[in-house]
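# Structural characterization, general
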Amino acid sequence: MLPARERMNRAEFKKFSEHPHKSTLYNRSGTLLSTPSAEIKFSVVTNKKHEKRATARNTLRRRAYALFGQSGIVVSGIFYPSKTSYTLPYQTFKQSFCELLEKVKKNIPQNP
């Protein structure tokens, strides 16, 4: 799991949403908004309309945090899972999410 210091709080989330240079990347797993940053700040936004069960939403959130933490990418980002990603098996979600992170590596310079 991603340490709490590397997850966005509400103030950082609001500041990020107002950032003018966000890049938006889409994938089967969901949508990732990201910006170059000097420190890692990441958030996962799950939707109750997509999945009613809190356990499924929390499982997906934990998976995304763990995979992002393992990637070693230094960016700020918000991940919005797609409706179908709640039912994907772990290996399929991992492959799809890692493809999304590879797109981030290609599109965002690592030195902000």
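Residues numbered from 1 in each chain as written. Predicted model: local features only at pLDDT ≥ 70, side-chain atom pairs only at ≥ 80, totals over all residues. Heavy atoms only, no water.

All right, on to the overall build of the protein then. Scanning the protein for helices and strands turns up 3 helices and 4 strands. Starting at the N terminus and ending at the C terminus, the protein contains elements arranged as α-β-β-β-α-β-α. Relative to the 2.2 N^0.38 estimate, which gives 13 Å for 112 residues, the radius of gyration of the protein is 13 Å and therefore close to what a compact globule would have. Seen along its three principal axes, the alpha-carbon backbone of the protein occupies a region of about 35 × 30 × 25 Å. In the protein, which comprises 112 residues, the share counted as buried stands at 38%. (Helix = DSSP H or I, 4+ residues; strand = E, 2+ residues; numbered from the N terminus. Rg over C-alpha atoms; globule rule 2.2 N^0.38 Å. Buried < 20%, exposed > 50% of the residue type's maximum accessible area, 1.4 Å probe, protein only.)

With that settled, the discussion passes to the nonpolar core. Counting residues in each nonpolar core, the largest one holds 20 residues, and the members touching the most others are Leu32, Phe42, Phe68, Phe79, Phe93 and Phe97. For this core, the secondary structure elements donating two or more residues are strand S3 (41-44), helix H2 (54-71), strand S4 (75-81) and helix H3 (90-107). Among residues more than four places away in sequence, those in contact with Phe68 are Leu2, Ile40, Phe42, Ile73, Val75, Phe97 and Leu101. (Core = buried A, V, L, I, M, F, W, Y, C linked by side-chain atoms within 4.5 Å. Contact = heavy atoms within 4.5 Å.)

This part covers the pairing of S4. Counting buried residues in S4 gives 6 out of 7 residues, a clear majority hidden from the surface. Pairing analysis gives 7 bridges linking strand S2 (residues 30-36) to S4, with the strands arranged antiparallel. Across the sheet, Pro36 pairs through a bridge with Val75, a residue of S4. At this point the chain moves from S3, through H2, to the parallel S4, and the crossover so formed is left-handed. (Pairing = 2+ DSSP bridges. Right-handed = clockwise from strand over helix to strand, strands pointing away.)

In this structure, the largest pocket encloses a volume near 220 Å³. Lining the largest pocket are Met8, Glu12, Lys15, Phe16, His19, Thr35, Pro36, Ser37, Glu39, Lys41 and Ser76. Broken down by secondary-structure element, the contributors of at least two residues to the lining of the largest pocket are helix H1 (10-17) and S2. Looking at which element gives the most residues to the lining of the largest pocket, the answer is H1, with 3 residues. Classifying every residue of the lining of the largest pocket gives 3 nonpolar, 4 polar and 4 charged. (1 Å grid on protein atoms, 1.4 Å probe; cavity = no way out; pocket = protein on both sides within 12 Å on 5 of 7 lines; lining within 4 Å. Points joined across faces, edges and corners; volume = space filled by probe spheres on them. Nonpolar A, V, L, I, M, F, W, Y, C, P; charged D, E, K, R; others polar.)

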